[in-house]
Amino acid sequence: MLENRIVNLLDASGAIDPMLITVAAVGAVAMLALGFAIGFIIRKKVAEKKIGSAETQAEIIIDNAKKEAERKKKEIIVEGKEEILKNKNETEKELKERRNEVNRLERRAIQKEENLDKKLENLEKKEEQCNQKIKNLEAQEAEISALKEKQLAILEEYAGLTSEQAKAFLIEKIESEARREAAIRVGEIEQEIKDTADEKAKNIITAAIQRCAANHVTEATVSVVMLPNDDMKGRIIGREGRNIRTIESLTGVDLIIDDTPEAITLSSFDPMRREVARLSIEKLMTDGRIHPTRIEETVEKSKKEVEAIIKQEGEKAVLTTGVHSMNSELIKLLGRLKYRTSYGQNVLMHSIEVSYIAGMIADELGIEPALARRAGLLHDIGKALNHEVEGSHAQIGVDIAKKYRENKEVIHAIEAHHNDVEPQTLVAVIVQAADAISAARPGARREDIENYIKRLQKLEEIANSFNGVEKSFAIQAGRELRLMVKPEVINDESMALIAREIVRKIETEMEYPGQIKVHVIRESRAIEYAK
């Protein structure tokens, strides 16, 4: 309507009146405000209606929740009552069972009490009977004592001896008879021991040897190194022999290079030096660079490698023989025995074998085998240093064992295994026997033929040096000396004496592996002629 009026005014005058414009604007603003007010009132009423509806729904929900809660409450109360009733029934049942058990135990206790009362009554009766018997026995004893005194008085009167004199006479007679019977029994026991001791000892030693059957390979003082070709010999010799001189000076080994195809020989009395030289030459051939500087480096590496091998061999020997808790330095010294020989026999293998045999013999005899194995393994430990320290290997071994706090019986066994001192323990005797067995086995040791012949000749010379010996023969590869004596010079009583004197002279003047049996034979002949 306002717009139409504005248009009509414009159409009537043909010009715009400012007042009209202002009035129109104010009217428009008023209309807009009126529209906002009406809209606000409408929205407020709608909102109030929605709020009223939500409150109604909330009240309904709260009412339903209260009803559900009441229902749940009733259910829980019912379940609680049922549970209480159930527990009550179970408790009453358990109480009833316990009451029955208590009644049963009470009846049993009453029964036992009645039995004890009966036994106590019986014991009182028996005590009275015993007291009565004791009184009777005391009376009888007094009567017997009186009779005994009366009889002794009568005996003393008839015998003319007091009771002390008669007692001494009887004791002396009984002692005399006991000594005679004891002497007879001792003789029988000694004879029985002599009959069975040799056989039992042979069985024990034979069983030990059979259980420790090992192959023996004697070691020589030379090693052979195979070459890929003969041209390598010239490279090892080097210009004007400088390479071979360097190797020999660093290792202490003689290199023998001859016409043998594709091989050179290393010669030295020390197996450790030969091993260092062998490893060095093999490394040089593999590397291809052979000159003095490289040789020095290779020899040093080989020495370290040999040291590692020594430690491994020592640990292996200890593990193999079952010897525990040994000092690490002793283990290294044991490993050095791998590169030590005695009459061509490897000393480490010999020590392991002695350990085995000693342990088996000790086991057969009922002695602690672990101690015997330990003593057998260490008995030649002195040979690891006898090229560096003066003295016998037994004494060196004793010093080493004392240094590392070994068992006293082990130290004594080391000292006594070559009779440097008299064996005082069974372990020392066992180690001595095991050492002799290992050294004397066929193939265990190697000797030059000249030394072998000289040893046999020396044995016969010692036997023939005694008066009354007619003939002597060294047999069994020098392990037995059999000699014939003149019956008119040596009687039966002197045979044992001359055998002992020959044994002592052999032990003093000779060195030999194992043991030597001296067999003295005396033969009497009666000759007559029939004519």
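Residues numbered from 1 in each chain as written. Predicted model: local features only at pLDDT ≥ 70, side-chain atom pairs only at ≥ 80, totals over all residues. Heavy atoms only, no water.

Asker: Provide a residue-level description of the overall build of the chain, including the pertinent values.
Answerer: The helix and strand inventory of the chain stands at 15 helices and 8 strands. For the chain, the residues scored as buried account for 28% of the 531 residues in total. The long-range fraction of contacts in the chain, counting pairs at least 24 apart against all pairs at least 6 apart in sequence, stands at 60%. When the accessible surface of the chain is summed, it comes to about 37,200 Å², and 54% of that surface belongs to carbon and sulfur atoms. (Helix = DSSP H or I, 4+ residues; strand = E, 2+ residues; numbered from the N terminus. Buried < 20%, exposed > 50% of the residue type's maximum accessible area, 1.4 Å probe, protein only. Contact = heavy atoms within 4.5 Å. Areas by Shrake-Rupley, 256 points an atom, 1.4 Å probe, with all protein chains shown as cover.)

Asker: Please give an account of the pattern of salt bridges that cites residues and values.
Answerer: Applying the stated rule across the entire model yields 17 salt bridges. With a shortest N-O distance of 2.7 Å, E275 and R278 are connected by a salt bridge. Of the two residues, E275 and R278 are both situated in helix α6 (residues 271–287); the distance of 3 residues between them amounts to about one turn of the helix. The partly exposed category is assigned to R278, whose relative accessible area is 22%. Salt-bridge contacts for R374 lead to E406; the nearest nitrogen and oxygen are separated by 2.9 Å. One end of the pair, R374, is in helix α10 (residues 369–378); the other, E406, is in the loop between α11 (393–403) and α12 (408–416), with 32 residues separating them in the sequence. With respect to class, R374 is no different from E406; both count as buried. (Salt bridge = Lys/Arg side-chain N within 4 Å of Asp/Glu carboxyl O.)

Asker: Lay out the sheet that holds strand β7 (residues 480–485) in plain terms, naming residues and giving numbers.
Answerer: Pairing is mixed in the open sheet, where 3 strands are placed in the order β6-β7-β8. Single-partner strands in this sheet number two, and they are β6 (469–475) and β8 (517–522). Pairs of neighbouring strands in the sheet enclose a mean axial angle of 20 degrees, with direction left out of account. In this sheet, β7 lies alongside β6 in antiparallel orientation, the contact comprising 6 bridges. Counted as the bridge partner of I475 is E480 from β7. (Pairing = 2+ DSSP bridges. Axes fitted to C-alpha atoms, helices over the stretch in contact; angles between N-to-C directions.)

Asker: Which residues make up the side chain of H350, and what are the values?
Answerer: Relative to the elements of secondary structure, H350 occurs in helix α9 (residues 347–365). By relative accessible area, H350 is classed as buried at 3%. In terms of polar contacts, H350 uses its side chain to reach the side chain of D435, at 2.8 Å. (Polar contact = N/O pair within 3.5 Å; in protein donor to acceptor, adjacent residues only side chain to side chain.)

Asker: Help me get a handle on the confidence of the model for the chain, residues and values and all.
Answerer: In the predicted model, the chain carries a mean pLDDT of 80, and the fraction of residues at 70 or more is 85%. Low pLDDT, under 50, characterises residues 9–15; the predicted model gives this stretch 4 contacts beyond four residues in sequence or across chains. (pLDDT = per-residue confidence, 0-100.)

Asker: A description of the packing of helix α5 (residues 242–251) against helix α7 (residues 292–321) should follow, citing residues and the corresponding values.
Answerer: Close contact between α5 and α7 brings their axes to 10 Å; oriented N to C, the two are set at 30 degrees. What the angle tells us is that α5 and α7 run roughly parallel. When you trace α5 past α7, the crossing you get is right-handed. Residue-level contacts link R242, N243, T246, I247, L250 and T251 of α5 to P292, I295, E296, V299 and K303 of α7. Per-class residue counts for the contact of α5 with α7 are 5 nonpolar, 3 polar and 3 charged. (Parallel < 35°, antiparallel > 145°, perpendicular 65-115°, else oblique. Left-handed = near helix turned anticlockwise from the far one by under 90°. Nonpolar A, V, L, I, M, F, W, Y, C, P; charged D, E, K, R; others polar.)

Asker: Any chance you could break down the nonpolar core for me, citing the residues and the numbers?
Answerer: Grouped burial of nonpolar side chains is what soluble globular proteins tend to show. Counting 32 residues, the largest nonpolar core has M326 and L334 as its most contacted members. Counting only elements with at least two residues in this core, the list comes to α7, α8 (328–336), α9, α10, α11, α12 and α13 (426–440). Take this core: its biggest share by element is 5 residues, from α12. Setting aside its immediate chain neighbours within four residues, L334 contacts G314, V318, M326, L348, L377, L378 and I381. Core analysis: the second largest hydrophobic core is formed by 23 residues, I244, I247, V253 and I290 among them. (Core = buried A, V, L, I, M, F, W, Y, C linked by side-chain atoms within 4.5 Å.)

Asker: Please provide a residue-by-residue account of a nonpolar patch on the surface, values included.
Answerer: On the surface, M31, L34, I38, I42 and V46 cluster together into a nonpolar patch covering about 490 Å² of accessible area. Following the sequence through the fold, L34 ends up in helix α2 (residues 18–159). (Patch = residues over 30% accessible without salt bridge, like charges linked within 9 Å, V, L, I, M, F, W, Y side chains within 5 Å.)

Asker: Talk me through the packing of aromatic side chains; I want residue IDs and the actual numbers.
Answerer: Using the criterion set out here, one finds 0 aromatic pairs in the structure. A cation over a ring is seen here: K338 above Y339, with NZ or CZ 5.9 Å from the ring centre. (Phe/Tyr/Trp six-rings, centres within 6.5 Å; stacked < 30°, edge-to-face > 60°. Lys NZ or Arg CZ within 6 Å of the ring centre and 35° of its normal.)

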